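# Inside the fold
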Amino acid sequence: MIDIITSAQNHKIKNVLKLQEKSAERRKQNLIVFEGSRELGLALNAGFKIRTLFVCLDVWGQKRVEGVNQRDIFYISKEVFDKIAYREGSDGLIIVAEPQYLTLQTLKLPENPFLIILEAVEKPGNLGAILRTADAAKVDAVIVCDPKTDIYNPNAIRSSVGCVFTTQVVASTSDEVLEWLKAKGITSYAAALTATELYHNTDMTKPCSIIMGTEATGLTDKWLNNADKQIKIPMRGQIDSLNVSTCTAILAFEAMRQRGF
C-alpha cells in the first residue's frame, strides 16, 4: 500500500512552500523547486541532483518516473498537490533539487562564443523568456549582472519551460563581467535607443555578447560607457521600445543568421 501525504501541514509540504516563496530560503537550504516531467527530464540530463520528487497519482496516473531513486519519491493527495502547484496544467510532478551555480571561471565556451548578458533583470518572466531564446538559438551562456531576481525563482523556471537547465547561466556583478569580457577578448554590444549603428550592420561573427538592460530604464551608464559599441533595433512605429525578451531574440537570431546557424 502506498503512503500518501494528505495534510498541507506536513513538514515536507510546508518546506516546499517556503522554498517557493523565499529566495533566501532557497539559498540557505541550497535547494530549488520546479514542476513537470519535461523539466525533470531536462534537469536530470543536465546532471542536477534530485532530492525529493512529489507525485500526485490523481494527476500523474500510474506512469513510471525514470531517473529518480524510489526512496526520494513521495506521494501526495490532490488537495496537497493543488496547494503547492504553482502553474496551470501541471502534470502531477513537483521536484526539489540541488541548484548548480556556475561562475565566470567555470563557464565552458567554444573558441567563438556568443553570449547574452542581462543587467539587473528583475522580472522572472522576462528571464525565463530570454532563457527560452538562449536555448532556441543555442547561445553559449546567459550572464545575469547584478540580478534583482533569483535565477532559480520558480516563476523563472516555469516561464523558461525548463531552459534554465539547458543553458549555462551565471550570476555576477557588472564590474566582474566587464573585466572578464576584456580578458577573454569578447566584444560587447550594448543595446540602446541612443545608438546610431543598426544591429544588422554589426559584425556578430566574432566572439561577442549582447548587453540588454531593463525595460523601465534600459542600461546604466556603466554599460553604455564601457561596452565596445552601442547598437539598436530600428523602431518604425509610435512606440519606442519592445519587450526586452523580444529584443533579445531579434539580436540573438541575427547573430545566428550571420554565423550561418
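Residues numbered from 1 in each chain as written. Predicted model: local features only at pLDDT ≥ 70, side-chain atom pairs only at ≥ 80, totals over all residues. Heavy atoms only, no water.

Applying the stated criterion across every chain yields a total of 5 aromatic pairs. With centroids separated by 4.9 Å and ring planes inclined at 75 degrees, the aromatic side chains of Phe48 and Phe165 adopt a geometry described as edge-to-face. Residue Phe48 is found in the loop between helix 3 (37-45) and strand 3 (50-55), and its partner Phe165 is found in the loop between helix 7 (154-159) and strand 8 (169-172); the two are separated by 117 residues along the sequence. Ring centres of Tyr101 and Tyr152 lie 5.6 Å apart, and the angle between their planes is 80 degrees; this geometry places the pair in the edge-to-face category. Of this pair, Tyr101 sits in the loop between strand 5 (93-97) and strand 6 (114-119) while Tyr152 is found in the loop between strand 7 (141-145) and helix 7, placing the two residues 51 residues apart along the sequence. Taken together, Phe34, Phe48, Tyr101, Tyr152 and Phe165 form an aromatic cluster joined through their ring pairs. Sitting above the plane of the Tyr101 ring, Arg27 keeps its charged end 4.1 Å from the centroid. Its end group placed over the ring of Trp60, Lys63 keeps NZ or CZ at 4.0 Å from the ring centre. (Phe/Tyr/Trp six-rings, centres within 6.5 Å; stacked < 30°, edge-to-face > 60°. Helix = DSSP H or I, 4+ residues; strand = E, 2+ residues; numbered from the N terminus. Lys NZ or Arg CZ within 6 Å of the ring centre and 35° of its normal.)

This part covers helix 6 (residues 124-137). For helix 6, built from 14 residues, the straight-helix expectation of 20 Å at 1.5 Å per residue is met to within 8% by its first-to-last C-alpha distance of 20 Å. Looking at helix 6, one finds that the buried residues are Pro124, Asn126, Leu127, Gly128, Ile130, Leu131, Thr133, Ala134 and Ala137. In the stretch just after helix 6, Lys138 is the one whose phi turns positive, near 55 degrees. (Expected span 1.5 Å × (residues − 1). Buried < 20%, exposed > 50% of the residue type's maximum accessible area, 1.4 Å probe, protein only.)

Before going further, it helps to spend a moment on the sheet that holds strand 1 (residues 4-5). If you walk across this open sheet you meet the 5 strands as 1-4-3-5-2, and the pairing is mixed. Single-partner strands in this sheet number two, and they are strand 1 and strand 2 (32-35). Sheet topology note: the strand 1/strand 4 (residues 73-76) ladder contains 2 bridges and is parallel. If you follow Ile5 over to strand 4, its bridge partner there is Ile76. In the packing of helix 3 onto the sheet, the strands contacted are strand 2, strand 3 and strand 5, and the crossing angle to strand 2 comes to about 130 degrees. (Pairing = 2+ DSSP bridges. Contact = heavy atoms within 4.5 Å. Axes fitted to C-alpha atoms, helices over the stretch in contact; angles between N-to-C directions.)

Its identity is not glycine, yet Ala120 carries a phi of approximately 55 degrees, on the positive side. Inspection of the secondary structure assignment puts Ala120 in the loop between strand 6 and helix 6. For Phe261, which is not glycine, the phi torsion reads 50 degrees and is therefore positive.

A word on the nonpolar core. Counting 51 residues, the largest nonpolar core has Phe34, Phe114, Ile116, Leu118 and Phe165 as the members making the most contacts within it. In terms of residue count, the dominant contributor to this core is helix 10 (residues 244-258) (6 residues). Sequence-distant contacts of Leu118, that is, excluding residues within four places in its chain, are made with Leu127, Ile130, Val142, Ile143, Val144, Cys145 and Met212. One finds Leu104, Ile117, Val170 and Val177 within the second-largest nonpolar core, a separate group that totals 18 residues. (Core = buried A, V, L, I, M, F, W, Y, C linked by side-chain atoms within 4.5 Å.)

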